[in-house]
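This is what each chain is made of:
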Amino acid sequence: MLRMFAELAKSGKHAAAFVEAALIFEAGLHKKLGGVVVAWCLPQQQLARLRKRGLSEVEAGKRIAAQMPVAAKMALAAVKIDCSGALDETRRQVEAFAERLRQTSPGN
């Protein structure tokens, strides 16, 4: 992941790059990045969503337990996206973040 980010930066063609990585804080990778976006939802929603993806309650619980608590992630996050509401609201937050990136990217 870091090699890919370095190659993108070297190309000069990209102002930002994203990767989905649930354990980015736990692995310490956040220290090597310019910022981390945390998409979060309520704990009961997280469990229900994992169950909907086919995990058993035990498997889902283990996956959640392997992660840093959401509150701790949010304290380290550069940007927080609340995914606990309607999909349209989540989409609005993502679009607002994308617009902020466009406004702050080089050449704008």
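Reading the values: the criteria
Residues numbered from 1 in each chain as written. Predicted model: local features only at pLDDT ≥ 70, side-chain atom pairs only at ≥ 80, totals over all residues. Heavy atoms only, no water. Helix = DSSP H or I, 4+ residues; strand = E, 2+ residues; numbered from the N terminus. Polar contact = N/O pair within 3.5 Å; in protein donor to acceptor, adjacent residues only side chain to side chain. Contact = heavy atoms within 4.5 Å. pLDDT = per-residue confidence, 0-100. Buried < 20%, exposed > 50% of the residue type's maximum accessible area, 1.4 Å probe, protein only. Lys, Arg positive; Asp, Glu negative; His and termini not counted. Salt bridge = Lys/Arg side-chain N within 4 Å of Asp/Glu carboxyl O. Phe/Tyr/Trp six-rings, centres within 6.5 Å; stacked < 30°, edge-to-face > 60°.

As for the side chain of Gln-67
- Examined against the element boundaries, Gln-67 turns out to sit in the loop between helix 3 (57-65) and helix 4 (70-76).
- Here the side chain of Gln-67 touches Lys-73 through a polar contact of 2.9 Å, side chain to side chain.
- For Gln-67, the residues in contact, after removing those within four places along its chain, are Ala-22, Leu-23, Glu-26, Gln-46 and Lys-73.

Observations concerning the confidence of the model for the chain
- Summarising the model, the chain shows a mean pLDDT of 89, and 96% of its residues fall at 70 or more.
- Ranking the helices and strands of the chain by mean pLDDT puts strand 2 (residues 79-82) first, with 96, and helix 1 (residues 2-11) last, with 84.

Regarding the side chain of Lys-73
- Within the fold, Lys-73 resides in helix 4.
- Although Lys-73 is buried, it forms no salt bridge, and the closest oppositely charged side chain is Glu-26 at an N-O distance of 4.3 Å.
- Those residues within four positions of Lys-73 in sequence are excluded, and the remaining contacts are Ala-22, Phe-25, Glu-26, Val-38, Gln-67 and Met-68.

Things to note about the packing of aromatic side chains
- Counted under the stated rule, the structure contains 1 aromatic pair.
- With a centroid separation of 6.1 Å and 85° between ring planes, the pair formed by Phe-18 and Phe-97 is classed as edge-to-face. Taken together, the residues Phe-18 in the loop between helix 1 and strand 1 (37-40) and Phe-97 in helix 5 (residues 87-104) connect sequence positions 79 residues apart.
- Judged by its relative accessible area of 53%, Phe-18 is exposed.
- Here Phe-97 falls in the buried class, since its relative accessible area comes to 13%.

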